[in-house]
Amino acid sequence: MDLIGLLGFNVVSGIATLVLITLGLGVIYGMMRVINLAHGEFMMLGAYTSVVAVGAGVNIWIAMLVLSPLLVGIVGLVLERTLIRFLYGRIIDTMLATWGASLGLIGLMTTIFGNNTRAVPVPLGGFAIGRFGASQYSLVIIAAALAGLLGMLALLRLTRFGLILRATMQNPNMAAALGVSPSTIYMTTFALGSALAGLAGGVLAPVSGISPGMGAAYIARAFITVLGGGPAIITGTGLAAALFGTINSLVSFETTPVIGDVALLAAAVLMIRLLPQGITGRFLRRSL
């Protein structure tokens with residue numbers, strides 16, 4: 001029973017990690033149809049923000065939960081205003097532009113910090129699940145993922161801004177005719193998705209090695225989960241993360257993390273073959 005409890009906890013923690021990694025990309029790609037290849041580098045910026053802030057004496061919770069999303073949100077806003085806004089509707093061009101931005105961010109952070117791997121101290125200790133030990137910080141990751149999903153759901157469904165955002169993404173010309181500025185909504189949405197990526201980087205900083213190239217470890221899983229989830233941002237992200245996170249955690253627990261990633265990729269390929277429109281494109285078309 002103790003082993004089953006530990007396995008269940010690891011599965012939930014793996015799902016939460018995948019939700020955090022994916023949510024920001026879900027907003028940018030799922031709503032704006034912008035293929036943001038700099039998503040992993042936005043997470044990297046969030047992680048480095050935590051490193052620098054904690055090193056400067058800032059409380060680690062403020063660094064992870066406030067400064068990381070704030071700084072990366074500003075970076076995303078600047079990138080959208082200076083580059084992305086000229087490329088909407090041009091998928092290949094936005095891919096090239098965001099790929100160039102990712103290379104630029106990697107080069108910039110390498111110049112500033114070097115290629116050394118850095119770390120943020122884990123702020124919490126461990127606890128026991130029967131005969132086994134588990135990290136209390138995993139509970140923070142789970143709470144952050146749940147807060148992100150519920151917060152986005154509340155924003156999109158319960159607020160006037162969420163209604164305007166959804167309407168603009170569906171029909172920008174009609175929204176403009178009603179007095180809404182699509183350009184401002186696009187800017188805000190891109191900044192929001194960037195801030196969520198920064199939050200993910202900040203929250204995951206204590207449990208991952210922080211280096212300029214760390215984004216490559218996240219970008220593939222994020223895109224796989226977004227594509228598997230389908231058009232509904234919240235429901236799709238949650239369901240796809242639950243499926244892929246469970247497969248990855250179970251296989252990794254029985255074998256190695258590398259084989260777990262291979263199993264996740266194989267499951268994603270099979271799902272896209274069977275459900276090319278994703279889970280929500282096939283079963284839950286009216287969900288958010």
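Residue positions are given per chain, counted from 1 along the sequence in the order it is written. Given that the model is predicted, a residue must reach a pLDDT of at least 70 before its local features are reported, and side-chain atom pairs must reach 80 or more before they are shown or counted; all residues, however, enter totals for whole chains, interfaces and linings. Excluding hydrogens and water, the side-chain values take into account all heavy atoms of the structure.

Chemist: I'd like to hear about the pattern of salt bridges, residue by residue, with values.
Modeler: When a carboxyl oxygen of Asp or Glu is within 4 Å of a side-chain nitrogen of Lys or Arg, the pair counts as a salt bridge. Under the defined criterion, the tally for this structure stands at two salt bridges. Close ionic contact of Glu80 with Arg81 constitutes a salt bridge, the shortest N to O distance being 2.8 Å. Exposure categories follow from relative accessible area, calculated using a 1.4 Å probe and restricted to protein chains: below 20% of the type maximum is buried, above 50% is exposed, and the middle band is partly exposed. Residue classification places Glu80 among the buried positions, given a relative accessible area of 0%. One salt bridge connects Arg90 with Asp93, and the closest N-O pair in it is separated by 2.6 Å. Look at Arg90 and you get partly exposed, because its relative accessible area is 42%. Taking the relative accessible area as the measure of exposure, Asp93 reaches 28% and is therefore partly exposed.

Chemist: Tell me about the packing of aromatic side chains, residues and numbers included.
Modeler: Between 30 and 60 degrees the pair is tilted, below 30 it is stacked and above 60 it is edge-to-face, where a pair is any two Phe, Tyr or Trp rings, Trp via its six-membered ring, whose centres lie within 6.5 Å. Applying the stated rule across the entire model yields five aromatic pairs. Here Tyr48 and Phe113 contribute two aromatic rings whose centre-to-centre distance is 4.6 Å and whose plane-to-plane angle is 20°, an arrangement assigned as stacked. Note that Tyr48 is positioned in helix 2 (residues 39-55) and Phe113 in helix 4 (residues 91-113), a separation of 65 residues in sequence. Accessibility assignment for this pair places Tyr48 and Phe113 in one class, buried. Between the aromatic rings of Tyr88 and Tyr186, the centroid separation amounts to 4.8 Å while the plane-to-plane angle is 40°, which identifies the pairing as tilted. With Tyr88 in the loop between helix 3 (60-82) and helix 4 and Tyr186 in helix 8 (residues 182-204), this pair connects stretches of sequence that are 98 residues apart. Overall, the relative accessible area of 24% leaves Tyr88 in the partly exposed class. A relative accessible area of 17% means that Tyr186 is categorised as buried. Two thresholds decide whether a charge sits over a ring: the Lys NZ or Arg CZ must be within 6 Å of the ring centre and within 35 degrees of the ring normal. Across from the ring centre of Tyr29, 5.0 Å away, lies the NZ or CZ of Arg33, which sits over that ring. Starting at the N terminus, helices and strands are each numbered in turn, a helix being any DSSP run of H or I of at least four residues and a strand any DSSP run of E of at least two.

Chemist: Lay out the environment of Arg33 with the relevant residues and their values.
Modeler: By secondary structure assignment, the location of Arg33 is in the loop between helix 1 (2-32) and helix 2. Judged by relative accessible area, Arg33 falls into the partly exposed class, the value being 44%. A sequence separation of 15 residues divides Arg33 from Tyr48, and the C-alpha atoms of the two residues are 27 Å apart. Note on contacts: a residue pair qualifies if any of its non-hydrogen atoms lie within 4.5 Å across the two residues. Other than its neighbours up to four places away in sequence, Arg33 contacts Ile28 and Pro231.

Chemist: Describe a nonpolar patch on the surface, with residues and values.
Modeler: A contiguous nonpolar surface patch, about 530 Å² in accessible area, is contributed by Ile91, Ile92, Leu96, Trp99 and Leu103. Residue position: Trp99 is located in helix 4. Residue classification places Trp99 among the partly exposed positions, given a relative accessible area of 47%. Patches draw on residues past 30% relative accessible area with no salt bridge. Two like charges within 9 Å are joined, as are two nonpolar side chains (Val, Leu, Ile, Met, Phe, Trp, Tyr) within 5 Å. Only the protein chains shown count as covering a residue, and every accessible area follows the Shrake-Rupley method with a 1.4 Å probe.

Chemist: So, the nonpolar core: which residues are in play, and what are the values?
Modeler: Here, nonpolar core refers to any group of buried Ala, Val, Leu, Ile, Met, Phe, Trp, Tyr and Cys residues whose side-chain atoms link them within 4.5 Å. Within the largest apolar cluster, 75 residues are counted, with the highest numbers of intra-cluster contacts made by Leu20, Phe42, Phe190, Ile210 and Phe244. Residue contributions to this core peak at 14 residues, all from helix 1. Ignoring any residue separated from it by four or fewer positions in sequence, one finds Phe42 in contact with Asn36, Val72, Val75, Gly76, Leu79, Leu105, Phe190, Ser194, Ala197 and Gly198.

Chemist: Lay out the packing of helix 5 (residues 137-158) against helix 8 in plain terms, naming residues and giving numbers.
Modeler: Any two packed helices are characterised by how steeply their axes cross, that is the angle between the axes, and by the distance between the axes. Across the interface, helix 5 lies against helix 8 with an axial gap of 10 Å and an inter-helix angle of 170°. Taken together, the axes of helix 5 and helix 8 are roughly antiparallel relative to one another. Across the interface between the two elements, Tyr137, Ile141, Ala144, Met152 and Leu155 from helix 5 touch Leu192, Leu196, Gly202, Val203 and Leu204 from helix 8. A breakdown of the residues in the contact of helix 5 with helix 8 according to their chemical character gives nine nonpolar, one polar and no charged. To get an axis, a line is fitted to the C-alpha atoms, and for a helix only the part in contact is used. The angle between two axes follows their N-to-C directions and goes from 0 to 180 degrees. Under this scheme an angle from 65 to 115 degrees is roughly perpendicular, one under 35 degrees roughly parallel, and one over 145 degrees roughly antiparallel; angles in between are oblique. Classification convention: Asp, Glu, Lys, Arg as charged; Ala, Val, Leu, Ile, Met, Phe, Trp, Tyr, Cys, Pro as nonpolar; all other residues, Gly among them, as polar.

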